[in-house]
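Here is what each chain is made of, one letter per residue.
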Amino acid sequence: MSPIEAVATLLGLANVALVVRRSLWNYPFALAMVTLYAWIFLQARLYSDALLQGFYFVVNGYGWWNWRQAKAAAGEVPVVRLSNRARLGWATGAALAALGWGALMHRLTDAAFPWWDGTIAVLSIVAQILQSRRAWECWPLWIAVDLLAIPLFLVKGLHLTAGLYCLFLALSVWGAIDWTRARA
């Protein structure tokens, strides 16, 4: 456990709590957190997670813009729901991408857990995109990410980060419930 990991953990807690509440203030916390976690994951040789932080940085910028536009139009950040066809498309794309990314990490790097880490990365990408679009379906994906990430981070000795993902899991359940109410 390092001081950088401790700061990233606190930023992450603030970020997700603000996302659950559909607050635009989640984005500054997210940008700071992902910057720190990129360094942490590189040090742990979790390359998929490290690369994911760069993606998060870009998509958080898009999400900040999108949420601000939606709030300006509706007076709040509205929640949307995907069609069954869209859900199937996202699920199929995620499964294929996870297989491809895991294979790439396995073959081309010395990643510690290329398939496990790669699956977490791909599901996180899909969840982050859906979150930036205000889609309720991001929450079940975040729950799956958390359930996969907690044991991986424990195995890698990132105990504080594993603890953070336990809290993320609870916040994701809260987010699913709160966003369901917001859609009603």
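Structural notes, computed from the coordinates. Keep in mind that what you see is a predicted model, and the values were worked out from it rather than measured.

### Considerations on the overall build of the chain
A tally of regular secondary structure across the chain gives seven helices and zero strands. Put simply, the chain has 184 residues, and 45% of those count as buried. Contacts in the chain between residues far apart in sequence, at least 24 positions, make up 72% of those at least 6 positions apart. Total accessible area computed for the chain in this model is approximately 8,800 Å², and 70% of it derives from carbon and sulfur atoms.

### Concerning the nonpolar core
The nonpolar side chains of a soluble globular protein tend to be buried, and buried together. One finds Phe41, Trp139, Phe153 and Trp179 to be the most contacted residues of the largest nonpolar core, which totals 48 residues. Breaking this core down by element, the ones donating at least two residues are α1 (3-20), α2 (26-43), α3 (47-74), α4 (84-108), α5 (114-132), α6 (138-155) and α7 (159-183). Looking at this core element by element, the count peaks at eight residues for α6. Not counting the four nearest positions on each side in its chain, Phe41 is found in contact with Leu46, Asp49, Ala50, Gln53, Phe153, Leu158 and Thr161.

Reading the values: the criteria
Residues numbered from 1 in each chain as written. Predicted model: local features only at pLDDT ≥ 70, side-chain atom pairs only at ≥ 80, totals over all residues. Heavy atoms only, no water. Helix = DSSP H or I, 4+ residues; strand = E, 2+ residues; numbered from the N terminus. Buried < 20%, exposed > 50% of the residue type's maximum accessible area, 1.4 Å probe, protein only. Contact = heavy atoms within 4.5 Å. Areas by Shrake-Rupley, 256 points an atom, 1.4 Å probe, with all protein chains shown as cover. Core = buried A, V, L, I, M, F, W, Y, C linked by side-chain atoms within 4.5 Å.

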